[in-house]
Amino acid sequence: MTQPFLPFTRPTIDEETIAAVADVLRSGWITSGPKVQAFEATLSDYCGGRTVRAFNSGTATLEVALRLAEVSRGDTPITTPLTWVATANVILEVGAMPVFVDVDPRTRNIDLDRLDAAIRPSTKAIIPVDLAGLPVDRKRLYEIANRHDVRVIEDAAQSIGATSHGKTIGSIGDFVSFSFHANKNITTTEGGALVLPDDIDPKLCERLRLQGVQRFPDGGMDVDVLGGKFNLTDVAAAIGLGQLKRLAEFTARRRHLARLYFERMPQNLGLELPPADFENSNWHMFQPLLPRGTDRGVFIAAMKDRGIGVGVHYPALHLFSLYRQFGFKEGDFPVAEDIGRRIVTLPLFPSMTDSDVDRVCDALIACLGNPINERVPRRVGFMDGEIEVPDDFDQISAFPPEGGN
Ligand SMILES: Cc1ncc(COP(=O)(O)O)c(C=O)c1O
């Protein structure tokens, strides 16, 4: 019997949550109301009592955070080029221009060793991203940000449930932005939440969330600031409440599956694995880098033929046409570009079984273990001795598959 298609991710929504959604739908109050307030309160508990406001997307939370941090025209906030394009788009949206800092080849997150030198008077804010749920080191990050007196807007869209130095992401720091998009570790179908620092007025955040409207007890209203239409619905919040209850369980399951990948992954495929971090990362995604020279499109199609879904998160965003218009070009951020060309997302989600990991590994062997794609060992036997194979040497054609004579 053929097995069902294994997607790279799939949300886990339980029957209790589905019933809670049905209750909201029957209640007569389906947009922002008591469920949103309950969701915000539960998130606030999770974040150690910090103030949290819910939004209809993680993009909206970032944009409002930038407005609250007073980032606008003339400012050049710093972020990573290896992220979902939303992180940079919101910078343009508020009239500012992103400055990218290349990523650390190991963590694939913004390279903290390069951050210091990139900060200028117009920086005003740093927007780090915890790619795949592996957090940027918060101690080092805030040490740098505080030294330069710049704000931090943590794009933690992918890292709810993760930790840094023993602290839950969201429980410390300046602004922290979560996404609850369908692919995230917990979802509201679409949605987001912003953790606010103490110096920010939550009422202003609420006005920026909904048309700038301020209501008075006598039924009157005023609009003193331009707000968006970014409110979460009670239908979505009911899902979020059901998901939050299971966050710890989901994270534990994801860590277990990631560990299995490390244990069961064939060693000779030339894949570069992410850091084996089972303490801090929430394993939002499991992302090896393909051997250089592998045709990613062919690989994805071959995996699909074997019933395995593979994603790409993400190509380096400064090479998108929109960003090239601002002068960004190939070679600006070589580490991000290299990773962005080779990265693939393999299936990892809580309801995946242990044996699904074997299915993925078997498919990887079938797709990468053949002579055409087989990675050449760095040193191979040749004639009577050994020769060094350059790092960028991708073709097997010059040597027999085993690297022998
Ligand atoms: C790193 C990052 N930032 C921002 C976002 C935007 O979140 P949303 O899709 O909820 O608007 C996402 C979502 O994929 C993301 O992964």
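All figures in this text were calculated on a predicted structure; none of them were measured in a lab. (Residues numbered from 1 in each chain as written. Predicted model: local features only at pLDDT ≥ 70, side-chain atom pairs only at ≥ 80, totals over all residues.)

This part is about the domain arrangement of the chain. When the parts come together, some accessible area is lost, and that loss is often what is quoted as the size of the interface. By the assigned domains, the chain splits into domain 1 (15-244) and domain 2 (247-368). Each of domain 1 and domain 2 has a C-alpha centre, and these two points are 25 Å apart. Each partner contributes residues to the interface: domain 1 has 29 residues there, and domain 2 has 25 residues. At the level of secondary structure, the elements contributing two or more residues to the side of domain 1 that touches domain 2 comprise β6 (163-164) and α8 (234-244). For the side of domain 1 that touches domain 2, the residue count by class is 16 nonpolar, 10 polar and 3 charged. (Domains from an automatic or database assignment. Contact = placed C-beta atoms within 7 Å. Helix = DSSP H or I, 4+ residues; strand = E, 2+ residues; numbered from the N terminus. Nonpolar A, V, L, I, M, F, W, Y, C, P; charged D, E, K, R; others polar.)

Strand order across the open sheet formed by 7 strands is β1-β9-β8-β5-β4-β2-β3, with mixed pairing between neighbours. With one partner strand each, in any of the chains shown, β1 (51-55) and β3 (99-100) form the two edges of the open sheet. Relative to β3, strand β2 (residues 78-79) runs parallel, the two being bridged by 2 bridges. Looking at the pairing, Thr79 lines up with Phe100 of β3. (Pairing = 2+ DSSP bridges.)

With 13 residues, helix α1 (residues 15-27) should cover 18 Å at 1.5 Å per step; its first-to-last C-alpha distance of 18 Å lies within 8% of that length. Gly28, located one to two residues past α1, shows a positive phi value of around 90 degrees. (Expected span 1.5 Å × (residues − 1).)

What follows concerns the packing of helix α3 (residues 58-68) against helix α7 (residues 202-209). Where α3 meets α7, the axes come as close as 10 Å, and the angle between the chain directions of the two elements is 130 degrees. Regarding the angle of α3 to α7, the classification is oblique. Of the two elements, α3 crosses α7, and the hand of that crossing is right-handed. From α3, Val64, Arg67 and Leu68 reach across to α7, where they touch Leu204, Cys205, Leu208 and Arg209. For the contact of α3 with α7, the residue count by class is 5 nonpolar, no polar and 2 charged. (Axes fitted to C-alpha atoms, helices over the stretch in contact; angles between N-to-C directions. Parallel < 35°, antiparallel > 145°, perpendicular 65-115°, else oblique. Left-handed = near helix turned anticlockwise from the far one by under 90°.)

Close to the ligand lie 14 residues; Ser57, Gly58, Thr59, Ala157 and Ser179 are nearest. Only α3 and α4 (86-93) provide two or more residues apiece to the shell around the ligand. (Near = placed C-beta within 6 Å.)

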